[in-house]
Amino acid sequence: MKDNKNTHLTLSDRQIIENGINNGSTKTAIANVLGKDKSTICKEIKLHRTLSYKSTYDIDCSKYSVCKRRHTDNCNNECPEYQKYRCVRRDRSPGACNGCEKYNHCRYDKYRYISSDAEHEYRLSLVETRSGVNATLNEIKELGLILKPLMDKGQSIYAILNNHPEITYSEKTIYTYIKDNVFQDAGVSITLLDLKRQVRRKVSNKKVKYAKRQDRTYLKGRTQKEYTEYISNNPNASIVEMDTVYNDITNGPFIQTFKFLDYDLLFCVYHTSKDSKSMLNGILLLEKILGEDLFNETVSVIKTDRGSEFVLADNIEIRDDGSRRTRVYYCDPMAACQKGSLENIHILLREICPKNTDLYNIGLTSQDKANIISSHINSYPKEKLKGRNSFELLEFLNMDLANKFYEYGLSHIAKDSVTLKPYILRNK
């Protein structure tokens, strides 16, 4: 048995954990082999295991297999026979589904622990914990307003923290913030000269720009890897790719684009700002146009990139009443090819909205103009559709969906009237 309780887990340690899970070993047994505390193994598995399969019906009732209501999506704690499912292997020891004999037939949520992925997440977390200022500007300002008057009275940082237990920052962290001029960036004049033992030292001219550590928790369980696994288990899922097109990041306008892969159909939503709330509203608009049932049928998966405007994954996936709206997955960084169908149709969009032009000046000023863009592009014949256009394919496969878009303002343009030039946005 190793004796390394005070050392970090290494890749080889994580490989031992993975092998232990595959063999059905308990967390205590794995901890004994590694010379670690059992709690360390528990935290490692829980923190770095990934959701490899999400139940289609979001079931978590132990009586699902014998329940007569199991196909009604009513498996929740309001059911009188509801009993929360507990898997000894998944929820206790070893804590993941690797090596489980029932893995291929289990209907419940499945988790896998992969040592290489766990090591990658650990290394990434080390980088993130050593960069940026882990606080908002308001939090820094509030802290500075507490410290400044007490420091002016000659109190040390230690004395202030001792008298103010509500301050959660360590003494070392506060010294670092003072040294890097973080308080000054937040509008509070605290410098090295305010410290009792720093008055004779030259004040540094170094300015460290405030940088809030980026929150990437929304990516958990929604990466390209999880997308591939989900589509493998659900090959009939209806996929919609999403992105944002614009020329001027400061002024807009912005076009939120949706590509329905089943119908090769483009739908554009007009925005005057590019933020997460606007993009969420664009999805809610699409749901309002289609209706909840048709949206569930045709937008079961949304694939997008990691732009800061698409971070509200939880709000996108789950409705206010707790029901599932869709599933969101994100491409890998710098991998636009993973939503290549949408990127290709952007080529046609750019013929109407060329780069390096003021989109307001060419007439892109409302949702009605965005509908004109969608109408002409979807009426344009495509070689891969054997000379047909997207509207013809849509009308053949899903007339209900076509009617919803036509009622909203899209129109099937006559073949000789299809135009992919900016001037169509100026016409009334």
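Please refer to the structure higher up on the page.
Residues numbered from 1 in each chain as written. Predicted model: local features only at pLDDT ≥ 70, side-chain atom pairs only at ≥ 80, totals over all residues. Heavy atoms only, no water.

## Considering the environment of Ala118
You can see Ala118 is positioned in helix α5 (residues 115-129). On the basis of relative accessible area, Ala118 is assigned to the buried category, the value being 0%. Taking the C-alpha atoms as reference points, Ala118 and Glu44, 74 residues apart in sequence, are found 8.4 Å from one another. Discounting residues that sit within four places of it in the chain, Ala118 has contacts with Arg14, Glu44, His48 and Tyr113. (Helix = DSSP H or I, 4+ residues; strand = E, 2+ residues; numbered from the N terminus. Buried < 20%, exposed > 50% of the residue type's maximum accessible area, 1.4 Å probe, protein only. Contact = heavy atoms within 4.5 Å.)

## Re the packing of aromatic side chains
By the definition in use, this model includes 10 aromatic pairs. Ring geometry for Tyr177 against Phe183: centres 6.2 Å apart, planes inclined by 70 degrees, an arrangement best described as edge-to-face. Residue classification places Tyr177 among the buried positions, given a relative accessible area of 9%. With relative accessibility at 0%, the residue Phe183 sits in the buried group. Consider the rings of Phe267 and Phe405, whose centres lie 5.2 Å apart with planes at 45 degrees: the pair is tilted. Taken together, the residues Phe267 in strand β5 (residues 265-271) and Phe405 in helix α17 (residues 399-408) connect sequence positions 138 residues apart. An identical accessibility class is assigned to Phe267 and Phe405; each is buried. Ring pairs connect the aromatic residues Phe260, Phe267, Phe405 and Tyr408, which therefore count as one cluster. Over the face of the ring belonging to Tyr122 we find Arg14, whose NZ or CZ atom lies 4.5 Å from the ring centre. (Phe/Tyr/Trp six-rings, centres within 6.5 Å; stacked < 30°, edge-to-face > 60°. Lys NZ or Arg CZ within 6 Å of the ring centre and 35° of its normal.)

## Side note on helix α16 (residues 390-397)
Those residues of α16 that sit buried are Ser390, Phe391 and Leu394. Down the axis, α16 shows its buried residues gathered within 95 degrees of arc, on one side only. Tucked inside the fold, the buried residues of α16 contact β5, α15 (367-378) and α17. For α16, the N-terminal cap is Asn389; the gap from its side-chain oxygen to the backbone nitrogen of Phe391 is 3.0 Å. (Arc of directions from axis to C-beta. Polar contact = N/O pair within 3.5 Å; in protein donor to acceptor, adjacent residues only side chain to side chain.)

## A word on the nonpolar core
With 31 residues, the main nonpolar core has Phe258, Phe260, Phe267, Leu286, Leu290, Leu394 and Phe405 as its most contacted residues. Among the elements that make up this core, the one with the highest residue count is helix α11 (residues 276-290) (six residues). Once residues within four sequence positions are removed from consideration, Phe258 is found in contact with Val240, Glu241, Met242, Leu265, Leu266, Phe267, Val269, Gly282, Ile283 and Leu286. Residues Ile255, Ala370, Ile377 and Leu425 belong to the second largest nonpolar core, which totals 20 residues. (Core = buried A, V, L, I, M, F, W, Y, C linked by side-chain atoms within 4.5 Å.)

## Considering the packing of α16 against α17
In contact at an axis separation of 6 Å, α16 and α17 are set at 130 degrees when each is read in the N-to-C sense. Comparing their axes, α17 and α16 come out oblique. For the pair formed by α16 and α17, the contact residues are Phe391, Leu394, Glu395 and Leu397 on the first element and Met399, Leu401, Ala402, Phe405 and Tyr406 on the second. In the contact of α16 with α17, the residues fall into eight nonpolar, no polar and one charged. (Axes fitted to C-alpha atoms, helices over the stretch in contact; angles between N-to-C directions. Parallel < 35°, antiparallel > 145°, perpendicular 65-115°, else oblique. Nonpolar A, V, L, I, M, F, W, Y, C, P; charged D, E, K, R; others polar.)

## Looking at the pairing of strand β7 (residues 327-330)
Side chains Arg327 and Tyr329 of β7 all project onto a buried face; the interleaved residues Val328 and Tyr330 project onto the opposite face, where all are buried too. Relative to β7, strand β6 (residues 301-304) runs parallel, the two sharing four bridges. What sits directly across from Val301, in β7, is Arg327. (Pairing = 2+ DSSP bridges.)

## Thoughts on the sheet that holds strand β4 (residues 254-260)
Pairing between the strands of a sheet is mediated by backbone hydrogen bonds and can be parallel or antiparallel. Within the open sheet, the five strands sit side by side as β5-β4-β3-β6-β7. Their pairing is mixed. Looking at the sheet topology across the chains shown, the edges are occupied by β5 and β7. Strand-to-strand, the axes of this sheet are offset by a mean angle of 25 degrees, without reference to chain direction. Examined bridge by bridge, β4 and β5 share seven bridges and lie antiparallel to one another. Across the sheet, the residue bridging to Phe258 is Phe267, located in β5. Its contacts with the sheet put α11 on β3 (239-246), β4, β5 and β6, and the angle it makes with β4 is roughly 45 degrees. The strands touched by helix α14 (residues 340-352) are β3, β4 and β5; relative to β3, the strand with the most contacts, the crossing angle is about 40 degrees.

Purely spatial values, then, with no claim about function.
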